[in-house]
Structure formats: C-alpha cells, structure tokens
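# Structure at a glance
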Amino acid sequence: MSKQHVLDFFQACADDNDLLQRYNSRSLPELLLHARNTGFDISQSDLTDVIGAMEVVTIMERRGEQIDANSSLWPQMWGKPRFQYVIDDLYRTFSEEELLQFLS
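Summarised in this report is the structure supplied together with it. (Residues numbered from 1 in each chain as written. Predicted model: local features only at pLDDT ≥ 70, side-chain atom pairs only at ≥ 80, totals over all residues. Heavy atoms only, no water.)

Tallied over the full model, the rule gives four salt bridges. In this structure, Arg-62 and Glu-98 form a salt bridge, with 3.1 Å as the shortest nitrogen-oxygen distance. Pair noted here: Arg-62 is in helix α4 (residues 44–62) and Glu-98 is in helix α6 (residues 96–99), with a separation of 36 residues, a long-range link. (Salt bridge = Lys/Arg side-chain N within 4 Å of Asp/Glu carboxyl O. Helix = DSSP H or I, 4+ residues; strand = E, 2+ residues; numbered from the N terminus.)

Structural data, given as structure tokens:
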C-alpha cells in the first residue's frame, strides 16, 4: 500500500504547486516526516523504489539507452530541486495506466 501512497503523494504535489514548492526545500527525512504528517504513509524504500523504476522505464524503455553517466535523463535534473525533477520529469510523463506498473 505504501507505493500507492507514494503515487498519491506525487499526484497531490503535481496538482498543487504550493505543496510542491514546500517539499522542494526539504531533505529526504524531512520530506518523509511531513508527508506522513499529512496522511501519506510512505517509506523511504517505497519512495526510492518508485522513483528508481520510473527512471529505469524512462531511460531504458522510452529512450532506449543504458543506465550510465551518459543517460540523457540526468541533465534534466540540473539546476532544479531533486523533488521538482521527480514530479516534472518523471511522474508527470506517465499516464494513469502506466503508473499502475509501479505498484507491483
């Protein structure tokens, strides 16, 4: 269930720019604490599993690249907060149907 909460949390942040901006400045422990305090029961492992899976699909399946230092995805995160990258460059690029694959 925690992976569903990760996706629900990402959706809430994608829908509310103020919420997204509040989380952008937080460290991972702070992000987890505040997300839990607002009702999203997410763990670090589920969060990193979902993000990692999104990166793998984006790099390997969509772009046909190997995961290495030369992946064309990595420059997209330069100059922006890590969480903004997760929402804008990963989460928002997947349809609702595609997001279901990250629950297993």
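In this section: the nonpolar core. Judged by nonpolar contacts, the single largest core of 31 residues is most densely connected at Phe-9, Phe-10, Cys-13, Tyr-23, Met-54 and Phe-83. For this core, the elements supplying multiple residues, two or more each, are α1 (2–15), α2 (17–24), α3 (28–37), α4 and α5 (82–90). Beyond its immediate chain neighbours, meaning those up to four positions away, Cys-13 contacts Leu-19, Leu-20, Tyr-23, Phe-83, Ile-87 and Arg-92. (Core = buried A, V, L, I, M, F, W, Y, C linked by side-chain atoms within 4.5 Å. Buried < 20%, exposed > 50% of the residue type's maximum accessible area, 1.4 Å probe, protein only. Contact = heavy atoms within 4.5 Å.)

Attention now goes to the environment of Arg-92. Residue position: Arg-92 is located in the loop between α5 and α6. Residues contacting Arg-92, with those up to four places away along its chain left out, are Cys-13, Ala-14, Leu-20 and Ile-87.

Another aspect to go through is the side chain of Ser-71. Inspection of the secondary structure assignment puts Ser-71 in the loop between α4 and α5. Of the residues examined, Ser-71 reaches a relative accessible area of 2% and is grouped as buried. Ignoring anything within four residues of it in the chain, the contact list for Ser-71 reads Ile-59, Glu-65 and Gln-66.

This brings us to the environment of Asp-8. Mapped onto the secondary structure, Asp-8 falls in helix α1. In this structure Asp-8 comes out as partly exposed when scored by relative accessible area, which is 35%. For Asp-8 and Ile-42, which are 34 residues apart along the polypeptide, the C-alpha to C-alpha distance reads 9.8 Å. Looking at Asp-8, its side chain comes within polar contact range of the side chain of Gln-4, at 2.8 Å. (Polar contact = N/O pair within 3.5 Å; in protein donor to acceptor, adjacent residues only side chain to side chain.)

This part is about the side chain of Asp-89. Residue position: Asp-89 is located in helix α5. Of the polar contacts made by the side chain of Asp-89, one reaches the side chain of Lys-80; its length is 2.8 Å. Residues within four places of Asp-89 in sequence aside, it is in contact with Gln-76, Lys-80 and Gln-84.

This next bit is on α2. Along α2, the residues that are buried comprise Leu-19, Leu-20, Tyr-23 and Asn-24. Viewed along the axis of α2, the buried residues span an arc of 140°, placing them on a single side of the element. Looking at the buried residues of α2, the elements they touch are α1, α3 and α5. Measuring from the side-chain oxygen of the N-cap residue of α2 to the backbone nitrogen of Asp-18 gives 3.1 Å; that N-cap residue is Asp-16. (Arc of directions from axis to C-beta.)

We now examine the packing of α1 against α5. It is the contact of α1 with α5, at a shortest axis distance of 10 Å, that shows an interaxial angle of 90°. Regarding the angle of α1 to α5, the classification is roughly perpendicular. Mapping the contact onto sequence places Phe-9, Phe-10, Cys-13 and Ala-14 in α1 and Phe-83, Val-86 and Ile-87 in α5. Its residues placed into classes, the contact of α1 with α5 shows seven nonpolar, no polar and no charged. (Axes fitted to C-alpha atoms, helices over the stretch in contact; angles between N-to-C directions. Parallel < 35°, antiparallel > 145°, perpendicular 65-115°, else oblique. Nonpolar A, V, L, I, M, F, W, Y, C, P; charged D, E, K, R; others polar.)

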